[in-house]
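Notes for the structure review
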Amino acid sequence: MITPSDTILYKLSDAQIKECIQNAFYLTDFITDRSDLHSRSFLEKFMDVLLGEISERMVIEWLRSNGKYAESAVDKRSEHPDLGHDIWIKNTKGKISKYSVKSSISGLKSDMKDILSIFSPAFKTEEIRDINIQVYFWLKLYDKPRISVPSENNAAIIGWMKDSDLRNCAEQPYATESRPKLDLRLNQMRPMNDLLQYLL
């Protein structure tokens, strides 16, 4: 079971954040919303795409910092950027695997122990890939200093799960969305450091 100390607080450089912003600005026009998602304004969609870009880059840079092969699977200048997976990784036999990275944000909880025990991974059954990684951002609306917008200072790579961990997991409805979520908690994911032994 994951504890707060298992999560990865990997902070990108200002230059890397700026690249994510540039990519998100371009990609937002070409993202098609799912039918079960509420209508979003451009700014809301842009922010969601940006958090996804930052999450993907955090995972890639953390893996590279540990000497592992990691490349984005997304053509950042494509008009059809959503492949259903985000990163190419090599296992210890050199085989390329598809990794999915999901980003979520909490405005309700800012304590990592609460985030891990209350919230669920953001993968739907049809979105499950070889390896599935969750990144979380959190606001601090009632603390000092107050953080009321997403910040790379308040972001962590939570953990990972294999496709076989998730395939038979039951789904339940979101309380605030008309779509399902996996019936498990973030603290049931695998620690990121455990993933390294399977990678080249």
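One can find the structure itself at the top, above this paragraph.
In this report, we go over the structure that sits alongside the text. (Residues numbered from 1 in each chain as written. Predicted model: local features only at pLDDT ≥ 70, side-chain atom pairs only at ≥ 80, totals over all residues. Heavy atoms only, no water.)

**Overview of the packing of aromatic side chains**
- The full count for this structure, using the stated rule, is three aromatic pairs.
- Each ring, one from Tyr-26 and one from Phe-30, has its centre 5.2 Å from the other, and the planes form 45°; the classification is tilted.
- According to the relative accessible area criterion, Tyr-26 is partly exposed, its value standing at 26%.
- Aromatic pair Phe-119 and Tyr-136: ring centres 5.7 Å apart, planes at 15°, arrangement stacked. Residue Phe-119 is located in the loop between α3 (112-118) and β4 (131-138), and its partner Tyr-136 is located in strand β4; the two are separated by 17 residues in the primary sequence. Pair check on accessibility: Phe-119 and Tyr-136 agree, each one buried.
- Note that Arg-77 overlies the ring of Tyr-26, its terminal NZ or CZ placed 4.9 Å from the centroid.
- Positioned above the aromatic ring of Tyr-69, the side-chain terminus of Lys-90 is 4.6 Å from the ring centre. (Phe/Tyr/Trp six-rings, centres within 6.5 Å; stacked < 30°, edge-to-face > 60°. Buried < 20%, exposed > 50% of the residue type's maximum accessible area, 1.4 Å probe, protein only. Helix = DSSP H or I, 4+ residues; strand = E, 2+ residues; numbered from the N terminus. Lys NZ or Arg CZ within 6 Å of the ring centre and 35° of its normal.)

**Notes on the pairing of strand β5 (residues 155-162)**
- Burial runs high along β5: seven of the eight residues are buried.
- Here β4 runs beside β5; their pairing, made up of seven bridges, is antiparallel. Looking at β5, one finds that Val-135 is bridged to Ile-157. (Pairing = 2+ DSSP bridges.)

**Focus: the environment of Asn-23**
- Of note, Asn-23 is situated in helix α1 (residues 14-27).
- With a relative accessible area of 15%, Asn-23 lands in the buried category.
- For the pair Asn-23 and Trp-138, spaced 115 residues apart in sequence, the C-alpha separation works out to 22 Å.
- Residues contacting Asn-23, with those up to four places away along its chain left out, are Glu-53, Lys-76 and Arg-77. (Contact = heavy atoms within 4.5 Å.)

**Focus: the layout of surface pockets**
- Roughly 200 Å³ of internal volume is contained in the second largest pocket.
- Lining the second largest pocket are 13 residues, and of these Asn-91, Tyr-99, Ile-131, Lys-162 and Tyr-198 sit closest to its centre.
- Mapped by element, the contributors of at least two residues to the lining of the second largest pocket are β2 (87-90), β3 (96-106) and β5.
- Broken down by class, the residue content of the lining of the second largest pocket amounts to seven nonpolar, two polar and four charged. (1 Å grid on protein atoms, 1.4 Å probe; cavity = no way out; pocket = protein on both sides within 12 Å on 5 of 7 lines; lining within 4 Å. Points joined across faces, edges and corners; volume = space filled by probe spheres on them. Nonpolar A, V, L, I, M, F, W, Y, C, P; charged D, E, K, R; others polar.)

**Focus on the pattern of salt bridges**
- Throughout the structure, instances matching the rule amount to eight salt bridges.
- Linking Glu-56 and Lys-76 is a salt bridge whose minimum nitrogen-to-oxygen distance equals 3.0 Å. Of the two residues, Glu-56 is situated in helix α2 (residues 42-65) and Lys-76 in the loop between β1 (70-72) and β2; the sequence distance between them amounts to 20 residues. In terms of burial, Glu-56 and Lys-76 fall into one category: buried.
- Across the pair Glu-61 and Arg-57 runs a salt bridge whose closest N-O atoms are separated by 2.8 Å. Of this pair, Glu-61 and Arg-57 both sit in helix α2, four residues apart, which is roughly one turn of that helix. The same class applies to Glu-61 as to Arg-57, namely buried. (Salt bridge = Lys/Arg side-chain N within 4 Å of Asp/Glu carboxyl O.)

**Focus on α1**
- Under the 1.5 Å per step criterion, the end-to-end length of α1 is 20 Å for 14 residues, consistent within 8% with the ideal 20 Å.
- Turning to α1, its buried residues are Gln-16, Ile-17, Cys-20, Asn-23, Ala-24 and Leu-27. For α1, the arc enclosing every buried residue in end-on projection is 120°, short of the 170-degree limit, so these residues lie on one face. Across α1 from its buried face, at more than 90 degrees, point the exposed residues Asp-14, Lys-18, Gln-22 and Phe-25. (Expected span 1.5 Å × (residues − 1). Arc of directions from axis to C-beta.)

**Some remarks on the environment of Ala-24**
- Structurally, Ala-24 is set in helix α1.
- The spacing of Ala-24 and Phe-46 is 22 residues in sequence and 6.4 Å in space, taken between C-alpha atoms.
- In contact with Ala-24, other than residues within four places in its own chain, are Phe-46, Val-49, Leu-50 and Glu-53.

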